[in-house]
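Observations on the model geometry
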Amino acid sequence: MKRTELNELGEFGLIKEIQNKTTLYHPDSLKGIGDDAAVIDAGDKVKVVTTDMLLEGVHFDLSYVPIKHLGYKSVIVNISDIAAMNAIPKQITVNIGLSNRFSKEAIDALYEGIFTACEQYKVDLVGGDTTSSRSGLVISITAIGEAKTEEITYRNGAQDKDIVCVTGDLGGAYVGLQILEREKQEYLANPKMQPKLDQYEYVVMRQLKPEARMDIVHEFRDLNIRPTAMIDISDGLASELMHIGRSSGLGVAIFEDKIPVEKAMLETLTSEFEQLSPTTCALNGGEDYELLFTISQQDFEKIKTHKDISFIGYMDKKIEGIKLQTRAEQVVDIQAQGWVHFKEGL
Ligand code: ADP
Ligand code: MG
């Protein structure tokens, strides 16, 4: 029998294959595979469901990630997908795989982080599963949210000439990861050395303690705005732009000088990783958990002075793929790495 290597398909190729083989038997399954969350009809509203799995050694390294932060972050990554549907998170279930390497106190700390996120985002932990694991700690969380049918935002709703917007700033979580990895290597080489993380606090916290942008979802309701398409930025701006562009059947024009990057992140890059460009970190870094969305010209008027939203480009039916206009005013094609390689961390 023919053997196909997974990296020929890539993560998204593999998901596409599964999606193509899927049959939906129930008319209330309004949206299955292919967005940030599934959408299920629930009478006068809809429920949204998403799930994410984090594996030790792939998604996190307990030698520098405090286990309480890990608990918090594992909830956040799911709430972020609910936010990306323009829905309100309500419940989570938590599955953990453990070995006797972990003490009761370590699991208490993990759940302290989980409960802190539950309190912060007002979600109820309503169940889960506990098993033993031979390959390190496994955490898999499912989140359930709710919205009115007309509030839901899919990846495929962007229209020609819509404005492309992002919340917050990008690339910081990736730079934070580079700092943590470097300090770990230095510590392994010289265990007497204390890691010096204070001066990199901004980027390190972007990596260790991200937030989901529910504040923006609530603002959309207050301002009576409905993004035409939305996705959360978990894999990097390039990959998420590709998802919105492809599913909406449009190209995207982006301006490098509009991509939001934080001063503290730039300072860390300048002093520690001179070879890394901030734009590369924003495009391919990932784990920022900001929202990428598109809005009509009319809705743009309502948020054009918003301090935490950047307007980075526009959707264009005449463009193929993603075109980035650089600071030097050159136009370059952007490829999303996730489409080509089976990235570590899936
Ligand atoms: P996100 O980065 O927003 O979490 P993913 O890229 O993980 O999204 O997933 C994209 C879509 O593919 C989602 O609808 C998700 O539910 C679905 N998906 C991912 N892996 C599988 C799988 N093994 N089986 C079925 N659906 C999957
Ligand atoms: Mg997502």
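Below: a short report on this structure. Quick caveat, the model's predicted, so the values are computed rather than measured. (Residues numbered from 1 in each chain as written. Chains lettered and ligands numbered in written order. Predicted model: local features only at pLDDT ≥ 70, side-chain atom pairs only at ≥ 80, totals over all residues. Heavy atoms only, no water.)

1. Description of helix 4 (residues 172-189)
- Over its 18 residues, helix 4 extends 26 Å from the first C-alpha to the last, a length consistent with the 26 Å expected when each residue adds 1.5 Å.
- Looking only at helix 4, the buried set comprises G172, A173, V175, G176, I179, L180 and E183. Down the axis of helix 4, the buried set is contained in an arc of 160 degrees. They therefore lie on one face. Facing away from the buried side of helix 4 by more than 90 degrees, the exposed set consists of L188 and A189.
- Residues of helix 4 that are buried in the fold lie against helix 5 (201-208), helix 8 (263-272) and helix 9 (278-284). (Helix = DSSP H or I, 4+ residues; strand = E, 2+ residues; numbered from the N terminus. Expected span 1.5 Å × (residues − 1). Buried < 20%, exposed > 50% of the residue type's maximum accessible area, 1.4 Å probe, protein only. Arc of directions from axis to C-beta. Contact = heavy atoms within 4.5 Å.)

2. Regarding the coordination of the magnesium ion (ligand 2)
- Bound to the magnesium ion (ligand 2) are the protein donor atoms D36 (OD), D81 (OD) and D232 (OD), situated 2.0 Å from the metal.
- Spacing between the donor residues of the magnesium ion (ligand 2) along the chain follows D-x44-D-x150-D. In this pair, D36 is assigned in the loop between strand 1 (29-31) and strand 2 (38-41) and D232 in strand 8 (residues 229-232), connecting sequence segments 196 residues apart.
- With relative accessibility at 6%, the residue D36 sits in the buried group.
- For D232, a relative accessible area of 1% puts it in the buried group. (Donors = N, O, S within 2.8 Å, 3.2 Å for Na, K, Ca; no water.)

3. With respect to the layout of surface pockets
- The computed volume of the second largest pocket comes to approximately 260 Å³.
- Along its surface, the second largest pocket is lined by 17 residues, and M242, R246, E320, G321 and I322 are the ones closest to its centre.
- Counting residues per element, the ones that place at least two in the lining of the second largest pocket are helix 7 (237-248) and strand 13 (331-334).
- Ranked by residue count, the leading element in the lining of the second largest pocket is helix 7, at four residues.
- Taken together, the residues of the lining of the second largest pocket sort by class into eight nonpolar, four polar and five charged. (1 Å grid on protein atoms, 1.4 Å probe; cavity = no way out; pocket = protein on both sides within 12 Å on 5 of 7 lines; lining within 4 Å. Points joined across faces, edges and corners; volume = space filled by probe spheres on them. Nonpolar A, V, L, I, M, F, W, Y, C, P; charged D, E, K, R; others polar.)

4. A short note on helix 8
- By the burial criterion, the buried members of helix 8 are M265, T268 and L269. The buried residues of helix 8 all sit within an arc of 100 degrees when viewed along its axis, so they share a single face. Residues of helix 8 that are exposed and point over 90 degrees away from its buried face: K263 and T270.
- Close packing links the buried residues of helix 8 with helix 4, helix 5 and helix 9.

5. Describing the packing of aromatic side chains
- Evaluation of the coordinates by the stated rule reveals four aromatic pairs.
- When the ring of Y111 is compared with that of F115, the centres are 5.9 Å apart and the planes differ by 50 degrees; the resulting orientation is tilted. Of this pair, Y111 and F115 both sit in helix 3 (residues 104-121), four residues apart, which is roughly one turn of that helix.
- Where F255 meets Y314, the ring centres are 6.3 Å apart and the plane angle is 40 degrees; that geometry is what we call tilted. On the criterion of sequence distance, the pair formed by F255 in strand 9 (residues 251-255) and Y314 in strand 11 (residues 309-316) is long-range, its members being 59 residues apart.
- For Y314, a relative accessible area of 32% corresponds to the partly exposed category.
- Note that K209 overlies the ring of Y72, its terminal NZ or CZ placed 4.3 Å from the centroid. (Phe/Tyr/Trp six-rings, centres within 6.5 Å; stacked < 30°, edge-to-face > 60°. Lys NZ or Arg CZ within 6 Å of the ring centre and 35° of its normal.)

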